[in-house]
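# Structural features, examined
What follows is each chain in one-letter form.
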Amino acid sequence: MYIYIMSRITLITILLCAYFFCGNTNLSAQNTTITKSSTLIRPPYLKIGDTVAIVAPSGVLRNRTAEVEQAKNLLETWGLHVQIGKNVFNQNYHFAGTDTERWDDLQKAMDDPKISAIWSARGGYGTVRILDKLNYSKFRKHPKWIIGYSDITALHNQVHNEGFESLHAMMCTSLQDNTETIKETITTFKEALFGTPLTYTLEGSKYNKPGTVSGQLVGGNLTILHTMLGSKTSINTAGKILFIEEIGEYEYHIDRMLQSLKRAGYFDHCKGVLVGDITKVRRNTTAWGVSVEQLILDILAEYNIPVAFNMPAGHEKDNRALIFGRTVELTVTSEKSTVVFHK
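Every value quoted in this text rests on a predicted model; they were computed, and no experiment measured them.

Thresholds, definitions, all that
Residues numbered from 1 in each chain as written. Predicted model: local features only at pLDDT ≥ 70, side-chain atom pairs only at ≥ 80, totals over all residues. Heavy atoms only, no water. Helix = DSSP H or I, 4+ residues; strand = E, 2+ residues; numbered from the N terminus. Buried < 20%, exposed > 50% of the residue type's maximum accessible area, 1.4 Å probe, protein only. Areas by Shrake-Rupley, 256 points an atom, 1.4 Å probe, with all protein chains shown as cover. Pairing = 2+ DSSP bridges. Axes fitted to C-alpha atoms, helices over the stretch in contact; angles between N-to-C directions. Contact = heavy atoms within 4.5 Å. Parallel < 35°, antiparallel > 145°, perpendicular 65-115°, else oblique. Left-handed = near helix turned anticlockwise from the far one by under 90°. Nonpolar A, V, L, I, M, F, W, Y, C, P; charged D, E, K, R; others polar. Core = buried A, V, L, I, M, F, W, Y, C linked by side-chain atoms within 4.5 Å. Expected span 1.5 Å × (residues − 1).

## Things to note about the overall build of the protein
- From N to C terminus, the protein includes nine helices and 13 strands.
- Counting over 343 residues, the protein shows a buried share of 53%.
- For the protein, the accessible area works out to roughly 16100 Å², and carbon and sulfur atoms hold 53% of it.

Right, dumping it as structure tokens:
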């Protein structure tokens, strides 16, 4: 009897262990990464007299001095002070200085309590190479806005997982275009920085998948989101609205990246998808056969979530500011969509 009872106890123990450690197969690998807080910390909005640091965590700024100077002048017309990182115009082959130099400028700006926002001069590639060296201990005491898009998506992901909102918006090199042609880009950037509530009404699309949802807005450049998979800077999309944009990829590349996100569980508990500019799609020798919009819908077909196209954000001149980590209400119909950021 004693042996029988002990055997039963052992069997039950084994079964319980198997359930807790192996049994919940419905949890995806992606969504086992949990952010530290469901409500993110909002850095203080800027006010006249605040200081913005310009840094270059990615690509080289060869022959881009005029655009950085123009960016400095723009901020000064808003009553802000500007501090340009000492290594911004350095070059180390593809990059704006060595990994250590780019990290040093960014880390000093993050640590400085007098800095209210950190503006990336450009994207390109390189931010991922310095992510793991960044220390957020002083940033947590004096949080500030991290600003940029494209390659800066890697930094947005990390900032999100550290528990802070950030700003997907124009960079200094956006000023290579005439300011009149990027008026909305500049206006919404300023509004986001100074705390003016953001609301966007988007053109309708026959590809829109209707619905109304609310959740934190996360995401960025598709390639960078894809490269973050499996790392500690991949984001948990559960209960959130995913924004994506891309430039210069083949359709089969876009499909491959979205399939990878799907297999990693990106869409399992996502509440909605907001599609920005996907431009300069490259032609393959064998035609893909359907539009990028239909490609996206096909991948998302099994999920009962709204999908909105035509968000003017990404690598085009009209690049509206988005506050990542902020709760938005997304309403989608075939005629139009609205994106309303909570105050």
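## Section: the sheet that holds strand S11 (residues 322-324)
- Spatially, six strands are ordered S2-S1-S3-S4-S5-S11 in an open sheet, and the strand pairing comes out mixed. Of all the strands in the sheet, just strand S2 (81-84) and S11 have a single pairing partner and so form its edges. Within this sheet the neighbouring strands show an average axis-to-axis angle of 25 degrees, counted without direction.
- Pairing between strand S4 (residues 145-148) and strand S5 (residues 166-168): two bridges, direction parallel. The residue of S5 that forms the bridge with Ile147 is Leu167.
- Sheet contacts for helix H6 (residues 183-194): strand S3 (115-120), S4 and S5; angle to S5, the most-contacted strand, approximately 175 degrees.

## Thoughts on the packing of helix H8 (residues 251-263) against helix H9 (residues 292-300)
- Remark: H8 packs on H9, axes separated minimally by 10 Å, with the N-to-C direction vectors making an angle of 20 degrees. Classed by the angle they form, the pair H8 and H9 counts as roughly parallel. The two elements H8 and H9 meet at a crossing, and its hand is right-handed. Facing H8, whose interface residues are Glu251, Ile254, Asp255, Leu258, Gln259 and Lys262, H9 presents Val292, Leu295, Ile296 and Ile299.
- Here the contact of H8 with H9 is built from residues that sort into six nonpolar, one polar and three charged.

## Description of unusual backbone geometry
- In the Ramachandran plot, Asn63 falls in the positive-phi region, its phi being about 60 degrees despite a non-glycine side chain.
- Among the residues examined, Asn63 registers a relative accessible area of 72% and is labelled exposed.
- Even without being a glycine, Ser150 presents a positive backbone phi close to 60 degrees.
- Relative to the assigned elements, Ser150 resides in the loop between S4 and helix H5 (153-162).
- The exposure class of Ser150 is buried, given its relative accessible area of 10%.

## Looking at the environment of Thr212
- Along the chain, Thr212 turns up in strand S7 (residues 211-221).
- Sequence separation between Thr212 and Val307 is 95 residues, and the spatial gap between their C-alpha atoms is 9.8 Å.
- If we skip the residues at most four places from it in the chain, Thr212 touches Glu329, Leu330 and Thr331.

## Quick word on the side chain of Ser120
- Tracing the backbone through its elements, the reader meets Ser120 in strand S3.
- Each residue touching Ser120, except ones within four places of it in the same chain, is listed here: Val55, Pro57, Ile147, Ile152, Met171 and Cys172.

## Notes on the pairing of strand S8 (residues 240-247)
- In terms of burial, S8 is a largely internal element, seven of the eight residues being buried.
- Pairing of S7 with S8, which is carried by six bridges, proceeds in the parallel orientation. When the bridges of S8 are listed, Gln216 appears paired with Lys240.
- Where S8 and strand S9 (residues 272-279) come together, six bridges link them in parallel fashion. Across the sheet, residue Ile241 finds its bridge partner in S9, namely Gly272.

## So, the nonpolar core
- Residues Trp119 and Leu167 are the most contacted members of the largest nonpolar core, which totals 71 residues.
- When near neighbours in sequence (up to four residues on either side) are disregarded, Trp119 contacts Val52, Ala53, Ile54, Val55, Ala71, Leu75, Ile147, Met170, Met171, Cys172 and Phe189.
- Listed in part, the 27 residues of the second largest apolar core include Val218, Val275, Leu297 and Leu300.

## Focus: H6
- When the terminal C-alpha atoms of H6 are compared, their 17 Å separation across twelve residues agrees well with the 16 Å that a helix rising 1.5 Å per residue should span.
- Taken as a whole, H6 has its buried residues at Thr185, Ile186, Thr188, Phe189, Ala192 and Leu193.
- Of the surrounding secondary structure, the elements contacted by the buried residues of H6 are helix H2 (65-77), S3, S4, S5 and strand S6 (199-203).
- Positioned one or two residues after H6, Gly195 has a phi angle of 95 degrees, which is positive.

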